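Analysis of the macromolecular model
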Amino acid sequence: MSEFDQVFGQDHIKEFFKNAVLTGNVPHACILSGEAGMGKRRLAELFARNLLCERGGPEACGQCHSCIQTAAGTHPDLIFVTHEKPASIGVDDVREQIQDSIVIRPYSGRYKIYIVDEAEKMTVQAQNALLKTIEEPPSYGVILLLTANQDSFLPTILSRCVQLKCRPVGDEAGKRYLMEKLDISEEKAEICSAFARGNIGKMMDFATSEEFQNMYDRMVRLLKNIKKMDISELLASIKEMKDDSVDIYDCLDFMQLWYRDIVMYKVTKDINLMIFKREHNAINEICEKSGYDGLELILQAIDKARVRLNANVNQDLALELMLLTMKEN
């Protein structure tokens, strides 16, 4: 099995890196973009390991001195750019860790590789400093920028980098992967896959997390009984989850999937299309009591709550308005 196959999905990026190693047509600057958990750092590390392998084959041998060093994180020609300020990567970080050292030829390999994680945190001044290096890179220099937000880069940076975007993994592929990798039930794998929205790292976290299972149980209990509860009970349930550090945005995602199932089942009456198959009886009961207009209003209310929370509107008020809409429809 190829080392790149250790990263699930992202076949287009793996193929690009494999071809670059095989042909020697290695870009001097790449941007790998995508959510945390989609494999950006692992892909960058494997690319570096393949480039630095002493045997020079299409895949890293895993046995030479260079491969042992990259695996241990001690290779002198593989530099991970760090930053003292948690919120930003400053111009001094770029100058001291990239500009000042890239002029020195590699110690042992053909390439000198820099991996900049959270590269969206680079200030404008830092990006302009990096631009000078990217515009006239030494033949051996390779800079890999990893980011969750490509829009934060200057147009001049974007235009001089190869841009590689991580793509979401399909729900069905994610479900099969979880079942094979973790030996979990099909239902649990399907829920985790759908909830993670194509992010394989999140799928794995959800499938192995007690906190996720706890949130799942609480949210199902809340949504099954929402029409029977008064607003004070509803708010108390949300407050209890907040006090236990449950992510409110995860709760909103869960609600969207729940009501998506209700609409889907109301239209098709096909249990196989549902994510929450185990809750079929409860969902069927809600379907019989809810009209399409009411369900549409609920889904809109969830979207509005998300927008309000992002705009720093009072959290309790935003959630109360949403829960009232759910209760009344």
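Note that the coordinates shown come from a computational prediction; the quantities given were computed from them, not determined experimentally.

With respect to the side chain of Lys-175
- The residue Lys-175 is located in helix H7 (residues 171-182) in this model.
- In terms of polar contacts, Lys-175 uses its side chain to reach the side chain of Glu-186, at 3.0 Å.
- Residues in contact with Lys-175, not counting those within four places in the same chain, are Glu-186, Ala-189, Glu-190 and Ser-193.

As for the packing of aromatic side chains
- Evaluated as defined, the whole model comprises 11 aromatic pairs.
- Summarising the aromatic geometry, the rings of Phe-206 and Phe-212 are spaced 4.6 Å apart at their centres and angled 25° between planes, so their arrangement reads as stacked. Assigned by exposure class, Phe-206 and Phe-212 land together as buried.
- Every member of this aromatic cluster is reached through a ring pair, and the members are Phe-195, Phe-206, Phe-212, Tyr-216, Phe-254, Trp-258 and Phe-276.
- Here Lys-266 stacks its cationic end above the ring of Tyr-292, 5.2 Å away from the centre of that ring.

Thoughts on the side chain of Ser-193
- With respect to the secondary-structure elements, Ser-193 resides in helix H8 (residues 186-196).
- Here the side chain of Ser-193 touches Asp-171 through a polar contact of 2.8 Å, landing on its backbone oxygen.
- Sequence-distant contacts of Ser-193, that is, excluding residues within four places in its chain, are made with Gly-170, Asp-171, Gly-174, Lys-175, Leu-178, Gly-198 and Met-203.

Some words on unusual backbone geometry
- For Gln-10, which is not a glycine, the phi torsion comes out positive at approximately 55°.
- Positionally, Gln-10 belongs in the segment before helix H1 (11-23).
- Not every positive phi belongs to a glycine, and Asp-183 is a case in point at roughly 55°.
- Position of Asp-183 among the secondary structure elements: in the loop between H7 and H8.

Thoughts on the packing of helix H14 (residues 292-310) against helix H15 (residues 315-328)
- One way to put it is that H14 packs onto H15 with a least axis distance of 9 Å and a crossing angle of 175°. Classified by the angle their axes make, H14 and H15 are roughly antiparallel. Counting all contacts with H14, which are made through Leu-297, Ile-298, Ala-301, Ile-302, Ala-305, Arg-308 and Leu-309, the residues of H15 involved are Gln-315, Ala-318, Leu-321, Met-322, Thr-325 and Met-326.
- For the contact of H14 with H15, a count of residues per class yields 10 nonpolar, two polar and one charged.

Brief notes about H7
- End to end, H7 covers 16 Å across 12 residues, agreeing with the expected 16 Å (1.5 Å per residue, within 8%).
- Every buried residue belonging to H7 is among Gly-174, Lys-175, Tyr-177 and Leu-178, and all of these are buried. Seen from one end, H7 has its buried residues packed into an arc of 165°, which puts them on one side.
- Of the surrounding elements, those touching the buried residues of H7 are H8 and helix H9 (200-208).
- Looking one or two places after H7, you find Asp-183, whose phi comes out positive at around 55°.

Observations regarding the sheet that holds strand S5 (residues 162-165)
- Across the sheet, five strands lie side by side as S2-S3-S4-S1-S5; this open sheet has parallel pairing. Edge positions in the sheet fall to strand S2 (78-80) and S5, since each has one partner strand and no second. Averaged over all pairs of adjacent strands, the angle between their axes in this sheet comes to 20°, without regard to strand direction.
- In this sheet, strand S4 (residues 141-147) lies alongside strand S1 (residues 29-33) in parallel orientation, the contact comprising five bridges. Each bridged residue has a counterpart across the sheet, and for Leu-32 the counterpart in S4 is Leu-146.

The rules behind the values
Residues numbered from 1 in each chain as written. Predicted model: local features only at pLDDT ≥ 70, side-chain atom pairs only at ≥ 80, totals over all residues. Heavy atoms only, no water. Helix = DSSP H or I, 4+ residues; strand = E, 2+ residues; numbered from the N terminus. Polar contact = N/O pair within 3.5 Å; in protein donor to acceptor, adjacent residues only side chain to side chain. Contact = heavy atoms within 4.5 Å. Phe/Tyr/Trp six-rings, centres within 6.5 Å; stacked < 30°, edge-to-face > 60°. Buried < 20%, exposed > 50% of the residue type's maximum accessible area, 1.4 Å probe, protein only. Lys NZ or Arg CZ within 6 Å of the ring centre and 35° of its normal. Axes fitted to C-alpha atoms, helices over the stretch in contact; angles between N-to-C directions. Parallel < 35°, antiparallel > 145°, perpendicular 65-115°, else oblique. Nonpolar A, V, L, I, M, F, W, Y, C, P; charged D, E, K, R; others polar. Expected span 1.5 Å × (residues − 1). Arc of directions from axis to C-beta. Pairing = 2+ DSSP bridges.

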